[in-house]
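# Fold and contact review
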Amino acid sequence: MKSILHLKFIALYIIFGFLCVFTAGTLTRQLVTNRLMEDSSQTLYREATLIASDYLPSYFSDDSDLYAVQAQLAAMRLYLESSLWFVDSTGTMITSSNLENTSSPEAIENFNPAEIGGNQYMSGTYHGYFEEEVITVMAPVTEGFSTRGYLLIHSPISNIEERCHKVMIPVYITLLVIFGLSFIFLLGFHYFVHRPLRQISEAARQYALGNLEYEIPVHSHDEMGYLSASLNYMAAQLKDMDDYQKKIVANVSHDFRSPLTSIKGYLEAMADGTIPPELYEKYINIILFETERLTDLTGDLLTLNEFDTKELLLDKTEFDIQDMIKGTAASFEGVCTPKHISIELLLMPGAVIVYADRRKIQQVLYNLIDNAIKFSENESTVTIEVSEKNEKTFISVKDRGIGIPRKDLNKIWERFYKSDLSRGKDKKGTGLGLSIVKEVIQAHDEHINVISTEGVGTEFIFSLARVR
């Protein structure tokens, strides 16, 4: 099945060569033969007319004897390579250019001067007098305004066939050259079309089998090369997506399994009496904490799914971003108090109106403040600052916590990513918060940047469209 297309082209090439040889050997040869016969007959007829009008009438006027006529016809026989017959009006042989030839009759039976007709010549054995086919032309010999006889010239067709053979030799050579050039074309098709096509077909088969690491070699910059490069790019993207999906599944499984394992273990211990009733409240609170982790993870996954399925519709309205900051910061009072963390607000005088999706921006603020508190040291400060420049409003959330290692700065936006430093402090995080932040800000056609120094702190700054 792999070489069917190749075999088809080879078969077409062989058929093409056969048709060329067949056409040249039959149609072309026949056309050349017919043309040579017409040219030869016209030449013979002109010679016959010339002899019949210039030399033979003197025989009937007694100006020339039979010997002189025979000598003239013999000379013309050598010149024309033909047999010449000189007959009277009834077909009786007067003389010929080959009297010694027994095929020259004493009289032509059923002689008819009009049998040639308007074709100027006739072909065949001429009433069976010749063993091979000949071309026969006839010219009348007139003397004193009356037809006294006829000159017949018989030229063997074998002479014409020999001439045709000589003409056909260059035709066959040209045909051989064309066939060789077509073979070069076939080789070009094999190297420039068939081989790349086979490689592309093999790549498609490998991709169908799941081997996305298969790469098509690209050696040209034409359409085939572009197609191969496009398939290589597609395979790389699919491989990245496949790896990404596997990573998501692994991370989701891990993040779901841990709290589920804890919940199951505590419930089984409470059911079989391992945990006494007086400790139920403690472990129920742990179970509620793990359940909240599952709830947060599910909610974050649903939020990211809105972005992935292109179904996120922003409900943009005008609102005061500083009021939203105040309300969101106040909601963290219960979390900050045990850690003695304070939230410092550096706001602008008056209202700062922005045009954005109120609910989604509140989620951005919540995730950034939540992260800042989680990774801040006890008795530290989280600073939220609002500033304006040109047509934009900039919101900064800054903590004085453990910071983010430089090697992790470009990875923090990846889903489920958690730096090594965060694993000790962020027990409840899903690794999706910053991914959601990034997606929301990009959906608003805005930007978010991060500045972090390990052991000093981290600052996130994002922009929103300002309304005057």
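Our subject is the structure listed above.
Now for a quick tour of the structure.

Rules used in this analysis
Residues numbered from 1 in each chain as written. Predicted model: local features only at pLDDT ≥ 70, side-chain atom pairs only at ≥ 80, totals over all residues. Heavy atoms only, no water. Core = buried A, V, L, I, M, F, W, Y, C linked by side-chain atoms within 4.5 Å. Buried < 20%, exposed > 50% of the residue type's maximum accessible area, 1.4 Å probe, protein only. Helix = DSSP H or I, 4+ residues; strand = E, 2+ residues; numbered from the N terminus. Contact = heavy atoms within 4.5 Å. Phe/Tyr/Trp six-rings, centres within 6.5 Å; stacked < 30°, edge-to-face > 60°. Salt bridge = Lys/Arg side-chain N within 4 Å of Asp/Glu carboxyl O. Pairing = 2+ DSSP bridges. Axes fitted to C-alpha atoms, helices over the stretch in contact; angles between N-to-C directions.

## Examining the nonpolar core
If you look at the biggest cluster of nonpolar residues, it comprises 35 residues, and the most contacted ones within it are Ile321, Ile361, Leu368, Ile395, Phe460, Phe462 and Leu464. Elements represented by at least two residues in this core include exactly helix H7 (321-330), strand S8 (353-357), helix H9 (358-374), strand S9 (381-389), strand S10 (392-399), helix H10 (433-443) and strand S12 (457-465). The contacts of leucine 368, once residues within four sequence positions are left out, are Val397, Leu434, Val437, Phe460 and Phe462. Within the second largest apolar cluster, 26 residues are counted, among which are Leu36, Leu80, Ala139 and Cys164.

## Considering the packing of aromatic side chains
Under the criterion given, the structure shown has nine aromatic pairs. For the ring pair phenylalanine 60 and phenylalanine 86, a centre distance of 5.7 Å and an interplane angle of 80° mean the geometry is edge-to-face. Here phenylalanine 60, found in helix H2 (residues 57-60), pairs with phenylalanine 86, found in strand S1 (residues 83-88); they are 26 residues apart in sequence, far enough to count as distant. Both residues of the pair, phenylalanine 60 and phenylalanine 86, belong to the buried class. Ring-pair connections join several aromatic residues into one group, and the members of that group are Trp85, Tyr126, Tyr129 and Phe130.

## Let's talk about the side chain of glutamine 322
Within the secondary structure, glutamine 322 sits in helix H7. Looking at glutamine 322, the relative accessible area reads 3%, which means it is buried. Among residues more than four places away in sequence, those in contact with glutamine 322 are Leu347, Met348, Gly350, Val352 and Val386.

## A look at the pattern of salt bridges
All told, the structure shown has six salt bridges when counted by the stated rule. Glutamate 38 is paired through a salt bridge with arginine 35; the nearest N and O atoms lie 3.7 Å apart. Residue glutamate 38 and its partner arginine 35 are both found in helix H1 (residues 4-54); the two are separated by three residues, about one turn of the helix. In this structure glutamate 38 comes out as partly exposed when scored by relative accessible area, which is 35%. As a salt-bridge pair, arginine 466 and glutamate 388 come within 3.5 Å of each other at their nearest N and O atoms. With arginine 466 in the segment after S12 and glutamate 388 in strand S9, this residue pair connects regions lying 78 residues apart in the sequence. In this structure glutamate 388 comes out as partly exposed when scored by relative accessible area, which is 32%. A cluster of three or more residues bridged by salt bridges with shared partners is formed by Arg35, Glu38 and Asp39.

## So, the sheet that holds strand S3 (residues 122-124)
One open sheet accounts for five strands, arranged S2-S1-S5-S4-S3; its pairing is antiparallel. Two strands bound the open sheet, and with one partner strand each, they are strand S2 (93-96) and S3. Ignoring strand direction, the axes of neighbouring strands in this sheet form an average angle of 25°. Here S1 pairs with S2 via three bridges, running antiparallel. If you follow valine 87 over to S2, its bridge partner there is methionine 93. Docked against the sheet, helix H3 (residues 66-80) engages S1, S2 and strand S5 (147-156), running at close to 50° with respect to S2. Where helix H4 (residues 157-208) meets the sheet, it contacts S3, strand S4 (134-142) and S5, and its direction lies at approximately 45° from that of S5.

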